[in-house]
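Read off the chains here:
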Amino acid sequence: MADAVRASIHGRVNVLILGGGGREHALAWAIAKSPDCGKLFCAPGNAGIAAVAECVRMDIEDGKAVADFCKLMGVGFVVIGPEAPLAAGVADVLAAEGIPAFGPGAEAARLEASKSFTKEVCDACGAPTAAWARFSDAEAASAYVRERGAPIVVKADGLAAGKGVVVAETVEQALAAVESMFGGSHGSAGAEVVIEDFMAGEEASLFVLCDGENVLALPSAQDHKRAYDGDTGPNTGGMGAYSPAPVLTDDVERRAMDEIVRPVIAEMAKRGTPYRGVLYAGLMIEDGTPRLVEFNVRFGDPECQVLMLRLASDILPALRACAAGKLGEVGLDWTDGSAITVVMAARGYPGSYEKGTPIANLDAAAAVDGVEVFHAGTSSDGETTRATGGRVLNVSASGATLREARDRAYRAVGVIDWPGGFNRTDIGWRALARDSH
Ligand code: GLY
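Residues numbered from 1 in each chain as written. Predicted model: local features only at pLDDT ≥ 70, side-chain atom pairs only at ≥ 80, totals over all residues. Heavy atoms only, no water.

## Points about the pairing of strand β15 (residues 240-243)
Counted only if it meets this: We call a residue buried when its accessible area falls under 20% of the maximum for its residue type, exposed when it is over 50%, and partly exposed in between, using a 1.4 Å probe and counting protein chains only. Numbered from the N terminus, helices here are DSSP runs of H or I no shorter than four residues, and strands are runs of E no shorter than two. DSSP calls a pair of strands paired once it identifies at least 2 bridges connecting them.
Going residue by residue along β15, you find G240 and Y242 tucked away on one face and A241 and S243 tucked away on the opposite face as well. Sheet analysis places strand β12 (residues 222-223) next to β15, joined by two bridges and oriented antiparallel. Within β15, the residue paired with Q222 across the bridge is Y242. The pairing of β15 with strand β18 (residues 338-346) spans four bridges and is classified as antiparallel. Each bridged residue has a counterpart across the sheet, and for A241 the counterpart in β18 is T341.

Following this line, the structure appears as structure tokens:
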């Protein structure tokens, strides 16, 4: 490896992570173990992240504020966790200041920030996805819904914190969604609406590191989006996840890489807006054929937590290689075992919930064999840890098998004393059911 390449990927560096959820705690936990990691900062972080990084306050969507902090504190690498600072162009501002960052610039982040942009990119490179149309007024959108019939999918074009998608089973539901989006239910994100054909099949997620040209697929991981057992109840950001996910067979992964990911990465490079960071492809698989549901331009949360638990290599050189366009120079090793994470959420989530309820016995839970407790929404006054968000803890475990990982995680969940919280009791059930056949 030439010296210049080595210097852009290896060597001691102070790191800043942007974000304060379970994904960022898992990233901080993994990055802190790197021999190349100097001082580690996280903005805003949380009570769990404070154990491995110095938590700092700043407006993480203000690229100039982030760059000023980096210059002041000698930060040489920034890992951008959530989509909002990516869509706001923080990586672009940092690049202009000579500070490398993990995560795409604003134009490439449109793969998550604009549903219609993603559809256009897919159409341009032939990546399979559902037939679609874009509308900027309710009347035309409603006429289209009546013409296509149900089931049908209505999406706010912009970022809507995971809440801008309605899978309508009837024409009436679809018309109501159109009405509500154009009526401002998702603010400016719903100023344009994309309407897609419904895709039947089984959902799977594919995570891929990209450096603008080269790609490196990560192991499979799958979340559970519904709030309650049996995959029932309202949609959430994810109530748990596991890895590997048997639904993503080698054949489906190969097809998804060849037919969706590689063509899209090539198309983005051709447009002069190369994609660098992690690309999270939500897929629908029917009869072994994957089609794209959506992209996210960041790690899944809580999928990242199980991936970090299975990682057997140093993550930091791989993240730096994405930014440096040198992904071909690194590889990642993963354990053969399984990992699982159970989300503990505030009672009432994803609806309204109480904030500030106390949580006890976290150290005892973390002492269970194979368990890591990642914090997603907590604060601490030094004595008491309190819930500050909807999704609050990610009780995570690795094991030789998914069953072992699951048993360990739920043993730790049982140790945690948090009357204000709840969790699903069946994370991993689909994969476990496949196992026993
Ligand atoms: N777990 C789903 C997401 O991160 O969007």
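## Quick look at the packing of aromatic side chains
Which entries qualify depends on this criterion: Here a Phe, Tyr or Trp ring, Trp counted by its six-membered ring, pairs with any other such ring whose centre lies within 6.5 Å, and the pair is stacked when the planes are under 30 degrees apart, edge-to-face when over 60, and tilted otherwise.
As enumerated under the stated definition, the model contains six aromatic pairs in all. Judged by centre distance (5.5 Å) and plane angle (75 degrees), the rings of W29 and F374 are edge-to-face. In this pair, W29 sits in helix α2 (residues 22-32) while F374 sits in strand β20 (residues 371-375), placing the two residues 345 residues apart along the sequence. Judged by relative accessible area, W29 falls into the buried class, the value being 17%.

## Examining the packing of helix α8 (residues 138-148) against helix α9 (residues 171-182)
As a reminder of what qualifies: Orientation is described by axes fitted as lines to C-alpha atoms, over the contacting stretch for helices, and by angles from 0 to 180 degrees between their N-to-C directions. For classification purposes, an angle smaller than 35 degrees is called roughly parallel, one larger than 145 roughly antiparallel, one from 65 to 115 roughly perpendicular, and anything else oblique. Less than a right angle of anticlockwise turn of the near helix away from the far helix marks a crossing as left-handed, whereas a clockwise turn marks it as right-handed. Whether two residues touch is decided by their heavy atoms; if any such pair falls within 4.5 Å, the residues are in contact. Just so you know the grouping, Ala, Val, Leu, Ile, Met, Phe, Trp, Tyr, Cys and Pro go in nonpolar, Asp, Glu, Lys and Arg go in charged, and all remaining residues, Gly too, go in polar.
At a minimum axis separation of 10 Å, α8 and α9 run at an interaxial angle of 165 degrees. On the basis of the axis angle, α8 is roughly antiparallel to α9. Where α8 crosses over α9, the handedness of that crossing is right-handed. Between α8 and α9, the contacting residues are A138, A141, S142, V145 and R146 on the first element and V171, A174, L175, V178 and F182 on the second. Taken together, the residues of the contact of α8 with α9 sort by class into eight nonpolar, one polar and one charged.

## Focus: the pattern of salt bridges
The condition that has to hold: When a carboxyl oxygen of Asp or Glu is within 4 Å of a side-chain nitrogen of Lys or Arg, the pair counts as a salt bridge.
By the definition in use, this model includes 25 salt bridges. Among the salt bridges present, the one from E97 reaches K71, with a minimum N-O distance of 3.0 Å. Taken as a pair, E97 in the loop between α5 (90-96) and β5 (101-102) and K71 in helix α3 (residues 63-73) lie far apart in primary sequence, 26 residues in all. The closest approach of N and O atoms between R255 and E259, which form a salt bridge, is 2.9 Å. Here E259 and R255 lie together in helix α10 (residues 250-270), a separation of four residues that amounts to about one turn. When its relative accessible area of 22% is taken as the criterion, R255 is described as partly exposed. Bridged by salt links that share partners, the residues D231, R424, D426 and R430 form one connected network.

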